[in-house]
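Observations on the model geometry
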Amino acid sequence: PDVLLLDEPTADLDPISRERLWQLIKTLRTNGMTIVLCSHLLEEIEPVCDRICILHDKKIVDIGRPDAIKDAQGVHYVVRLELQSGNYSAFTAAHGAQFKQEGQILVAGFTDGLQTSQFVSQILSQGDPVLHLSITPPSLKYTFEQKIA
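Remember, it's a predicted structure, so these values are computed and weren't measured experimentally.

Observations regarding the nonpolar core
Membership of the largest hydrophobic core comes to 14 residues, with the highest contact counts inside it found for W22, I25, L37, I45, C49 and I52. Counting only elements with at least two residues in this core, the list comes to α1 (15-30), α2 (42-45), β3 (52-56) and α5 (140-148). The greatest single-element share of this core, amounting to three residues, is contributed by α1. Not counting residues up to four positions away in its chain, the partners in contact with C49 are L37 and P66. Listed in part, the eleven residues of the second largest apolar core include V79, L83, Y88 and A97.

Written out as C-alpha coordinates, the structure reads:
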(Lines give C-alpha, C1' and ligand atoms only; values in the text may rest on other atoms or scores of the structure.)
Protein backbone atom coordinates (compact mmCIF):
# COMPACT_ATOMS: atom_id res chain seq x y z
CA PRO A 1 0.00 0.00 0.00
CA ASP A 2 0.99 3.65 -0.44
CA VAL A 3 -0.41 4.69 2.94
CA LEU A 4 -0.36 2.81 6.22
CA LEU A 5 -2.58 3.92 9.14
CA LEU A 6 -1.49 2.84 12.62
CA ASP A 7 -3.41 3.57 15.82
CA GLU A 8 -1.33 3.16 18.99
CA PRO A 9 0.98 0.68 17.21
CA THR A 10 3.13 -0.12 20.23
CA ALA A 11 0.33 -0.62 22.75
CA ASP A 12 0.86 -3.80 24.79
CA LEU A 13 4.17 -4.64 23.09
CA ASP A 14 7.25 -5.66 25.05
CA PRO A 15 10.36 -3.46 24.63
CA ILE A 16 12.02 -5.74 22.06
CA SER A 17 8.90 -6.02 19.89
CA ARG A 18 8.39 -2.27 20.22
CA GLU A 19 11.89 -1.55 18.90
CA ARG A 20 11.44 -4.02 16.03
CA LEU A 21 8.19 -2.32 15.03
CA TRP A 22 9.83 1.12 15.01
CA GLN A 23 12.64 -0.24 12.83
CA LEU A 24 10.05 -1.66 10.40
CA ILE A 25 8.20 1.67 10.34
CA LYS A 26 11.46 3.51 9.60
CA THR A 27 12.25 1.07 6.78
CA LEU A 28 8.80 1.46 5.23
CA ARG A 29 9.10 5.23 5.45
CA THR A 30 12.56 5.17 3.86
CA ASN A 31 11.08 3.13 1.01
CA GLY A 32 8.55 5.88 0.31
CA MET A 33 5.47 4.75 2.20
CA THR A 34 3.32 7.39 3.89
CA ILE A 35 2.60 6.35 7.47
CA VAL A 36 -0.02 8.01 9.63
CA LEU A 37 0.46 7.29 13.34
CA CYS A 38 -1.91 7.99 16.20
CA SER A 39 -0.18 7.76 19.55
CA HIS A 40 -0.14 9.20 23.05
CA LEU A 41 3.56 8.33 23.34
CA LEU A 42 5.20 11.45 21.93
CA GLU A 43 8.68 10.30 22.90
CA GLU A 44 8.22 7.28 20.61
CA ILE A 45 6.89 9.09 17.56
CA GLU A 46 9.23 12.09 17.66
CA PRO A 47 12.19 10.32 15.97
CA VAL A 48 10.11 8.88 13.13
CA CYS A 49 7.70 11.67 12.17
CA ASP A 50 8.26 14.34 9.51
CA ARG A 51 5.07 16.17 10.49
CA ILE A 52 2.83 15.94 13.50
CA CYS A 53 -0.60 17.15 14.49
CA ILE A 54 -1.12 17.71 18.19
CA LEU A 55 -4.68 17.23 19.40
CA HIS A 56 -6.15 18.13 22.76
CA ASP A 57 -9.81 18.04 23.76
CA LYS A 58 -10.78 17.16 20.17
CA LYS A 59 -9.07 20.29 18.82
CA ILE A 60 -5.88 20.79 16.82
CA VAL A 61 -3.39 22.56 19.08
CA ASP A 62 -0.56 22.62 16.54
CA ILE A 63 0.51 21.06 13.27
CA GLY A 64 3.89 21.03 11.55
CA ARG A 65 7.39 19.65 11.66
CA PRO A 66 8.42 18.53 15.17
CA ASP A 67 11.42 20.88 15.30
CA ALA A 68 9.34 23.86 14.15
CA ILE A 69 6.69 23.17 16.79
CA LYS A 70 9.35 22.92 19.51
CA ASP A 71 11.18 26.05 18.28
CA ALA A 72 7.95 28.08 18.26
CA GLN A 73 7.64 27.48 22.01
CA GLY A 74 10.75 29.61 22.53
CA VAL A 75 12.33 27.20 25.02
CA HIS A 76 15.73 25.88 23.98
CA TYR A 77 16.92 24.27 27.23
CA VAL A 78 14.98 22.15 29.72
CA VAL A 79 16.52 21.66 33.14
CA ARG A 80 15.28 18.83 35.36
CA LEU A 81 16.38 19.14 38.95
CA GLU A 82 15.90 17.11 42.10
CA LEU A 83 17.23 18.46 45.37
CA GLN A 84 17.49 16.41 48.54
CA SER A 85 15.33 18.94 50.42
CA GLY A 86 12.67 19.13 47.69
CA ASN A 87 12.47 22.88 48.36
CA TYR A 88 12.50 24.87 45.10
CA SER A 89 10.88 28.13 46.22
CA ALA A 90 14.15 30.08 45.98
CA PHE A 91 14.57 29.17 42.32
CA THR A 92 11.14 29.51 40.76
CA ALA A 93 10.90 33.29 41.02
CA ALA A 94 14.07 34.06 39.10
CA HIS A 95 15.68 33.72 35.71
CA GLY A 96 12.62 34.38 33.50
CA ALA A 97 11.97 30.69 32.98
CA GLN A 98 8.88 28.50 32.78
CA PHE A 99 8.72 26.36 35.93
CA LYS A 100 6.62 23.39 36.96
CA GLN A 101 7.02 20.61 39.47
CA GLU A 102 6.63 16.91 38.60
CA GLY A 103 6.62 15.07 41.90
CA GLN A 104 10.01 15.77 43.48
CA ILE A 105 11.49 17.06 40.19
CA LEU A 106 11.54 20.74 39.24
CA VAL A 107 11.31 21.27 35.47
CA ALA A 108 12.46 24.62 34.12
CA GLY A 109 12.42 25.80 30.50
CA PHE A 110 14.88 28.48 29.41
CA THR A 111 15.15 30.55 26.25
CA ASP A 112 18.92 30.92 26.22
CA GLY A 113 22.13 29.39 27.47
CA LEU A 114 23.07 32.30 29.74
CA GLN A 115 19.84 32.00 31.75
CA THR A 116 20.37 28.25 31.94
CA SER A 117 23.96 28.52 33.18
CA GLN A 118 23.03 31.18 35.76
CA PHE A 119 20.26 28.93 37.07
CA VAL A 120 22.56 25.91 37.31
CA SER A 121 25.25 28.00 39.02
CA GLN A 122 22.71 29.16 41.61
CA ILE A 123 21.66 25.57 42.25
CA LEU A 124 25.22 24.33 42.71
CA SER A 125 26.17 27.19 45.03
CA GLN A 126 23.25 26.91 47.46
CA GLY A 127 24.46 23.82 49.36
CA ASP A 128 21.41 21.56 49.06
CA PRO A 129 22.60 18.18 47.71
CA VAL A 130 21.60 17.66 44.08
CA LEU A 131 20.12 14.20 43.46
CA HIS A 132 19.44 14.75 39.76
CA LEU A 133 20.36 17.46 37.26
CA SER A 134 19.94 17.25 33.49
CA ILE A 135 19.86 19.80 30.68
CA THR A 136 18.26 18.74 27.41
CA PRO A 137 16.56 20.31 24.40
CA PRO A 138 12.77 20.40 24.74
CA SER A 139 10.97 17.23 23.72
CA LEU A 140 7.58 17.03 22.01
CA LYS A 141 6.17 15.84 25.33
CA TYR A 142 7.49 18.94 27.10
CA THR A 143 6.19 21.19 24.30
CA PHE A 144 2.76 19.55 24.39
CA GLU A 145 2.53 19.97 28.15
CA GLN A 146 3.41 23.67 27.84
CA LYS A 147 0.87 24.23 25.09
CA ILE A 148 -2.05 22.73 27.01
CA ALA A 149 -1.10 24.16 30.43
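Description of the packing of aromatic side chains
All chains considered together, the criterion is met by three aromatic pairs. The interplanar angle of 85° and the centroid separation of 6.3 Å between the aromatic rings of F99 and F110 together place this pair among those described as edge-to-face. Of this pair, F99 sits in strand β6 (residues 98-102) while F110 sits in strand β7 (residues 105-110); the two residues are eleven residues apart in sequence, bridging distant segments of the chain. Accessibility expressed as a relative area gives 21% for F99, which makes it partly exposed. We classify F110 as buried; its relative accessible area is 0%. Considering the side-chain rings of F99 and F119, the 5.7 Å spacing of their centres and the 55° angle between planes classify their relative orientation as tilted. Note that F99 is positioned in strand β6 and F119 in helix α4 (residues 113-125), a separation of 20 residues in sequence. Of the aromatic side chains, those joined through ring pairs into one cluster are F99, F110 and F119.

Quick notes on the rules
- Residues numbered from 1 in each chain as written.
- Predicted model: local features only at pLDDT ≥ 70, side-chain atom pairs only at ≥ 80, totals over all residues.
- Heavy atoms only, no water.
- Core = buried A, V, L, I, M, F, W, Y, C linked by side-chain atoms within 4.5 Å.
- Buried < 20%, exposed > 50% of the residue type's maximum accessible area, 1.4 Å probe, protein only.
- Helix = DSSP H or I, 4+ residues; strand = E, 2+ residues; numbered from the N terminus.
- Contact = heavy atoms within 4.5 Å.
- Phe/Tyr/Trp six-rings, centres within 6.5 Å; stacked < 30°, edge-to-face > 60°.

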